[in-house]
Amino acid sequence: MTQDNGEMDSLVRKRIRALRVAQGWSLEELAARAKVSQSTLSRIENGQRRLALDQLVTLARALDTSLDQLVETATDDVITSPAIDTAHGLMRWPIKAEPGMSVVRQRMTNPPPDNPSRMRAHPGREWLVVLSGTAVLLLGNRRLRVETNQAAEFPTMLPHAIGAEGGPCEILGIFDRDARRGHQRQDKGESGRPGS
């Protein structure tokens, strides 16, 4: 990479410095970790030294990131619109950096099921936060109240279901690839809703 590369060059230098500062490291500390001289690192950060690929690989490792992330360019598709599932009352956004993961926003009005046989288990993990109202999470033999602004995270191999308590509630959930697949199979096979 040469300095003729203008914006990219400047962006990579800013990232190196920002990652170093975020770790709370001095120039001396990062230079020692990357096995380069402190003056070389200073000149890299300040644009006074050409960026060499071998140094970028070494710096990326020392900063606990990948070369891809260090040189990644901004994309035009920063903003994503949700896919709306009106049948289940939810919106779903994919997480581009983690294919297979998605964020789901759902309004719930029904309580969780009374019958334990309606609880589901499948591979994966789920994380959810209650945006408004109170949700009830049935998790194995436990019945947990999740209030507004509280979050829950659990492995989905535990039988689980979720519903509203005392009126509607709205949740925002993050499903990993396996959890999302488990809920998609449920949705195709029955009228259960995601998160239940």
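This text goes with the structure placed above it.
Thresholds applied
Residues numbered from 1 in each chain as written. Predicted model: local features only at pLDDT ≥ 70, side-chain atom pairs only at ≥ 80, totals over all residues. Heavy atoms only, no water. Helix = DSSP H or I, 4+ residues; strand = E, 2+ residues; numbered from the N terminus. Buried < 20%, exposed > 50% of the residue type's maximum accessible area, 1.4 Å probe, protein only. Contact = heavy atoms within 4.5 Å. Areas by Shrake-Rupley, 256 points an atom, 1.4 Å probe, with all protein chains shown as cover. Axes fitted to C-alpha atoms, helices over the stretch in contact; angles between N-to-C directions. Parallel < 35°, antiparallel > 145°, perpendicular 65-115°, else oblique. Nonpolar A, V, L, I, M, F, W, Y, C, P; charged D, E, K, R; others polar. Pairing = 2+ DSSP bridges. Left-handed = near helix turned anticlockwise from the far one by under 90°.

Enquirer: Would you take a moment to explain the overall build of the protein for this structure?
Expert: Along the backbone of the protein there are 6 helices and 9 strands. Looking at the 196 residues of the protein, the share that counts as buried comes to 36%. Counting only contacts in the protein whose residues sit at least 6 apart along the sequence, the fraction spanning at least 24 positions is 62%. About 11500 Å² of surface is accessible on the protein, with carbon and sulfur atoms providing 49% of the total.

Enquirer: How should I be thinking about the packing of helix α1 (residues 6–22) against helix α3 (residues 38–45) in this particular structure?
Expert: The geometry of a pair of packed helices is captured by two quantities: the angle between their axes and the separation between those axes. Between α1 and α3, the shortest axis-to-axis distance is 8 Å and the interhelical angle comes to 125°. Judged by the inter-axis angle, α1 sits oblique to α3. Residues R13, I16, R17 and R20 of α1 touch α3, and the partners they reach there are L41, R43, I44 and E45. Among the residues making up the contact of α1 with α3, the classes are represented as 3 nonpolar, no polar and 5 charged.

Enquirer: Whenever I open this one, the environment of K14 confuses me. Can you help?
Expert: Mapped onto the secondary structure, K14 falls in helix α1. By relative accessible area, which is 57% here, K14 ends up exposed. Sequence spacing of K14 and N46 is 32 residues, and the spatial spacing of their C-alpha atoms is 8.7 Å.

Enquirer: How should the sheet that holds strand β4 (residues 125–132) be read in this particular structure?
Expert: Either a parallel or an antiparallel arrangement is found when strands of a sheet pair, and the pairing is made through backbone hydrogen bonds. As summarised here, the arrangement of the 6 strands in space is β1-β2-β3-β9-β4-β7, forming an open sheet in which the pairing is antiparallel. This sheet does not close on itself; its edge strands, each paired only once, are β1 (83–85) and β7 (151–155). Each strand of the sheet is rotated relative to its neighbour by a mean of 20°, with strand direction disregarded. Where β1 and strand β2 (residues 90–94) come together, 3 bridges link them in antiparallel fashion. Counterpart to A83 in the pairing with β2 is R92.

Enquirer: Would you explain the pairing of β4 in this entry?
Expert: Where a strand is regular, its side chains alternate between the two sheet faces. Judged from the 5 bridges that link them, β4 and β7 form a sheet pairing that is antiparallel. Bridge pairing in β7 links E126 to F154. Taken together, the 6 bridges between β4 and strand β9 (residues 169–175) define a ladder with antiparallel strand orientation. Counted as the bridge partner of W127 is I174 from β9.

Enquirer: Just checking my understanding: could you explain unusual backbone geometry for this structure?
Expert: Look at K35: it is not a glycine, yet its phi comes out positive at around 60°. Looking at where K35 falls in the secondary structure, it is placed in the loop between α2 (27–34) and α3. Notably, N149 is not glycine yet its phi reads approximately 75°, a positive angle. Summarising the element assignment, N149 is placed in the loop between β6 (142–146) and β7. A residue is classified by how much of its surface remains accessible, and N149, at 66% relative accessible area, is exposed.

Enquirer: Looking at this model, I keep getting lost on the packing of α2 against helix α4 (residues 53–62). Mind explaining?
Expert: It is the contact of α2 with α4, at a shortest axis distance of 8 Å, that shows an interaxial angle of 110°. Judged on the interaxial angle alone, α4 and α2 are roughly perpendicular. Like other packed secondary-structure pairs, α2 and α4 cross with a definite hand, here right-handed. Together, L30, R33 and A34 of α2 and T58, L59 and A62 of α4 make up the contact between the two elements. In terms of residue class, the contact of α2 with α4 is made up of 4 nonpolar, 1 polar and 1 charged.

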